[in-house]
Amino acid sequence: MAGRILVAFATRYGSTQEVAGAVAGTLREHGLEVDLEPARDVRRLDGYDGVVLGAPLMMHHLHKDAARFLLRHREALLRLPVAVFALGPVHEPRDEAEWQDSRDQLDQELAQWAWLEPAALEVLGGKFDPTLLRFPLNKLAGSAPASDIRDWEAIRTWAGRLPAVLTQP
Ligand SMILES: Cc1cc2nc3c(=O)[nH]c(=O)nc-3n(C[C@H](O)[C@H](O)[C@H](O)COP(=O)(O)O)c2cc1C
């Protein structure tokens with residue numbers, strides 16, 4: 001399958017970057033040419049056939065680098081298929097209400113970008129490491145336990161569906 005894809009990611013603590021790397025790896029296994037870049041470093045979208053944008057939900061919002069990416073590249077993104085994933089839920093065992101909250105937050109965030117019609121949209125489990133938090137977030141987080149509920153198989157399964165929606169046959 002031919003096609004050149006950009007996987008752009010925002011991250012604060014690194015877990016979304018690792019997921020973006022897995023998404024990029026899966027797309028490469030499907031024969032696509034893939035660039036993996038921090039969203040804030042992307043200058044132009046010329047030459048790409050599709051874009052994947054990944055970001056964590058933080059304090060009910062998508063990471064600001066994702067919002068800035070959408071703002072800066074609106075014109076180009078209007079002409080490209082765009083897949084979006086957001087990391088959010090971190091609780092173990094799986095808490096359906098938390099997943100629904102994250103999904104609602106993502107939908108609400110994307111509602112700001114009415115022109116954006118994602119070709120694929122997914123909430124994925126995230127990672128929480130309280131030792132990385134600085135004041136005041138460490139106080140707000142209280143004694144919440146560390147967790148990493150990233151499901152690499154689910155991530156690869158989702159990414160495996162993207163070639164069909166990101167590239168023309
Ligand atoms: C301070 C803080 C606030 C967060 N706020 C939200 C939130 O509002 N909604 C949500 O779904 N997840 C929230 N999360 C979970 C993150 O999305 C999750 O930890 C994610 O894996 C972080 O990604 P990163 O490592 O790429 O920065 C929050 C996490 C932290 C540490």
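Further up the page is the structure itself.
Residues numbered from 1 in each chain as written. Predicted model: local features only at pLDDT ≥ 70, side-chain atom pairs only at ≥ 80, totals over all residues. Heavy atoms only, no water.

Q: Help me understand the nonpolar core, please; the structure alone is not making it clear to me.
A: Soluble globular proteins: nonpolar side chains tend toward being buried together. Formed by 28 residues in total, the largest nonpolar core has its most connected members in Leu6, Leu45, Phe69, Leu77 and Leu116. When contributions to this core are tallied by element, the ones reaching two or more residues are strand E1 (4–9), strand E3 (50–58), helix H2 (64–72), strand E5 (82–87) and helix H4 (96–111). For this core, the element with the most residues is E3, which contributes four residues. Apart from residues no more than four positions distant in its own chain, Phe69 is found in contact with Leu6, Ala8, Ala39, Val42, Leu45, Val51, Leu53 and Leu77. Within the second largest apolar cluster, 22 residues are counted, among which are Ala83, Leu87, Ile155 and Trp158. (Core = buried A, V, L, I, M, F, W, Y, C linked by side-chain atoms within 4.5 Å. Buried < 20%, exposed > 50% of the residue type's maximum accessible area, 1.4 Å probe, protein only. Helix = DSSP H or I, 4+ residues; strand = E, 2+ residues; numbered from the N terminus. Contact = heavy atoms within 4.5 Å.)

Q: Please clarify how the environment of Asp41 should be interpreted in this entry.
A: If you trace the backbone, Asp41 turns up in the loop between strand E2 (33–38) and E3. Spatially, the C-alpha atom of Asp41 lies 9.4 Å from that of Asp65, the residues being 24 residues apart in sequence.

Q: Before we go on, may I ask you to explain the site of the ligand in this structure?
A: Inspection of the region around the ligand gives 21 residues, with Thr11, Ser15, Thr16, His60 and Lys127 positioned closest. Contact between the ligand and Thr16: an oxygen atom at 2.6 Å from a side-chain N or O atom of the residue. Expressed as a share of its isolated accessible area of 640 Å², the protein-covered part of the ligand is 90%. Secondary structure elements with two or more residues in the shell around the ligand: helix H1 (15–29), E3, H4 and strand E7 (127–128). Among the residues making up the shell around the ligand, the classes are represented as ten nonpolar, nine polar and two charged. (Near = heavy atom within 4 Å. Polar contact = N/O pair within 3.5 Å; in protein donor to acceptor, adjacent residues only side chain to side chain. Areas by Shrake-Rupley, 256 points an atom, 1.4 Å probe, with all protein chains shown as cover. Nonpolar A, V, L, I, M, F, W, Y, C, P; charged D, E, K, R; others polar.)

Q: Looking at this structure, how should I read the side chain of His73?
A: Mapped onto the secondary structure, His73 falls in the loop between H2 and helix H3 (74–77). Its relative accessible area of 5% is what places His73 among the buried residues.

Q: When you look at the pattern of salt bridges in this model, what are you seeing that I'm missing?
A: A side chain with one charge can pair with a side chain of the opposite charge if their charged atoms come near. Overall, the coordinates contain nine salt bridges when judged by the stated rule. Among the ionic pairs, Arg94 bridges to Glu96, the shortest N-O distance being 2.8 Å. No difference in accessibility class separates Arg94 from Glu96, as the two residues are exposed. Connected through shared salt-bridge partners, Arg4, Glu33 and Asp35 make up one network. (Salt bridge = Lys/Arg side-chain N within 4 Å of Asp/Glu carboxyl O.)

Q: What's the story with the packing of aromatic side chains in this structure? I'm lost.
A: For any pair of aromatic rings, the description rests on two quantities: the centre-to-centre distance and the angle between the ring planes. The full count for this structure, using the stated rule, is one aromatic pair. On the numbers, 5.8 Å between centres and 75° between planes, the contact of Phe85 with Trp158 is edge-to-face. Here Phe85 is found in strand E5, whereas its partner Trp158 is found in helix H6 (residues 152–166), with 73 residues between them in sequence. The exposure class assigned to Phe85 is buried, which follows from its relative accessible area of 1%. Taking the ring centre of Tyr48 as reference, the NZ or CZ of Arg4 above it sits at 4.4 Å. Sitting over the ring of Trp99, Arg94 keeps its end group 4.0 Å from the ring centre. (Phe/Tyr/Trp six-rings, centres within 6.5 Å; stacked < 30°, edge-to-face > 60°. Lys NZ or Arg CZ within 6 Å of the ring centre and 35° of its normal.)

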